[in-house]
Amino acid sequence: MQKTILITGSTDGIGLETARTLVARGHRVLLHGRNAEKLERVATELAETAGDGAIERFTADLSRQSAVEALAAAVA
């Protein structure tokens, strides 16, 4: 069963490896990162193995409450 999964901090480290694994397993992955350029590179890389509509990207600095609220609204 395909799930939709939000991964915060998905541009490097554990978040990136988690995103790679979940995309490879066929899940729809919502990528989050603070840096739009890094996020775009990751999304492009993962799109090579993902199906159509399997990846969405969200840029937000989660140290700012207003950005947290905006991210929550965008994901909802």
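Model, not experiment: these values are computed from the prediction. (Residues numbered from 1 in each chain as written. Predicted model: local features only at pLDDT ≥ 70, side-chain atom pairs only at ≥ 80, totals over all residues. Heavy atoms only, no water.)

## Side note on the sheet that holds strand 2 (residues 28–33)
Selection rule: DSSP-based pairing: two strands are paired if at least 2 bridges between them are found. Helix and strand assignments follow DSSP, with helices taken as H or I runs no shorter than four residues and strands as E runs no shorter than two, numbered in order from the N terminus. Working convention: axes come from line fits to C-alpha atoms, limited for helices to the stretch in contact. Angles between N-to-C directions cover 0 to 180 degrees. Throughout, a contact is declared for two residues whenever any of their heavy atoms are within 4.5 Å.
Pairing is parallel across the open sheet formed by 3 strands, whose spatial order is 1-2-3. Sheet topology places strand 1 (4–7) and strand 3 (55–59) at the edges, where each strand pairs with a single neighbour. Strand-to-strand twist of the sheet, defined as the mean angle between neighbouring strand axes without regard to direction, takes the value 15°. Examined bridge by bridge, strand 2 and strand 3 share 5 bridges and lie parallel to one another. Residue pairing for strand 3: His 32 is matched across the bridge by Phe 58. Contacts from helix 2 (residues 36–47) reach strand 2 and strand 3, with the element oriented near 175° to strand 3. Packed onto the sheet, helix 3 (residues 65–75) meets strand 1, strand 2 and strand 3 and runs at close to 160° relative to strand 3.

## A few points about the nonpolar core
Test applied: We call a set of buried residues a nonpolar core when its members are Ala, Val, Leu, Ile, Met, Phe, Trp, Tyr or Cys and they connect through side-chain atoms within 4.5 Å of each other. Any residue under 20% of the maximum accessible area for its type is buried, any over 50% is exposed, and the rest in between are partly exposed; the area is computed with a 1.4 Å probe on protein chains only.
In this structure, Ala 19, Val 23, Val 29, Leu 31, Leu 46 and Ile 55 are the most contacted members of the largest nonpolar core, which totals 14 residues. Only helix 1 (13–24), strand 2 and helix 2 provide two or more residues apiece to this core. Discounting chain neighbours no more than four positions away, the residues touching Ala 19 are Ile 7, Val 29, Leu 31 and Leu 46.

## Notes on the side chain of His 32
With respect to the helices and strands, His 32 occurs in strand 2. Once residues lying within four places of it in the same chain are set aside, the contact partners of His 32 are Leu 6, Ile 7, Thr 8, Gly 9, Ser 10, Thr 11, Leu 39, Phe 58, Ala 60, Leu 62 and Leu 71.

## Some details on the packing of helix 1 against helix 2
Two quantities define a packed helix pair, namely the angle between the helix axes and the distance between the axes. Heads up, the condition is: We call two directions roughly parallel when the angle between them is under 35 degrees, roughly antiparallel when it is over 145, roughly perpendicular when it lies between 65 and 115, and oblique otherwise. Each helix crossing is assigned a hand: it is left-handed if the near helix lies turned anticlockwise from the far helix by less than a right angle, otherwise right-handed if that turn is clockwise. Each residue is assigned to one class: nonpolar for Ala, Val, Leu, Ile, Met, Phe, Trp, Tyr, Cys and Pro, charged for Asp, Glu, Lys and Arg, and polar for all the others, Gly among them.
The geometry of helix 1 relative to helix 2 is characterised by a closest axis approach of 10 Å and an angle of 25° between their N-to-C directions. The angle between the axes of helix 1 and helix 2 places the two elements in the roughly parallel class. Both helix 1 and helix 2 take part in a crossing whose hand is right-handed. On helix 2, the residues that touch Leu 16, Ala 19, Arg 20 and Val 23 of helix 1 are Val 42, Glu 45 and Leu 46. Across the contact of helix 1 with helix 2, the residue classes break down as 5 nonpolar, no polar and 2 charged.

What is shown is where atoms sit, not what they do.
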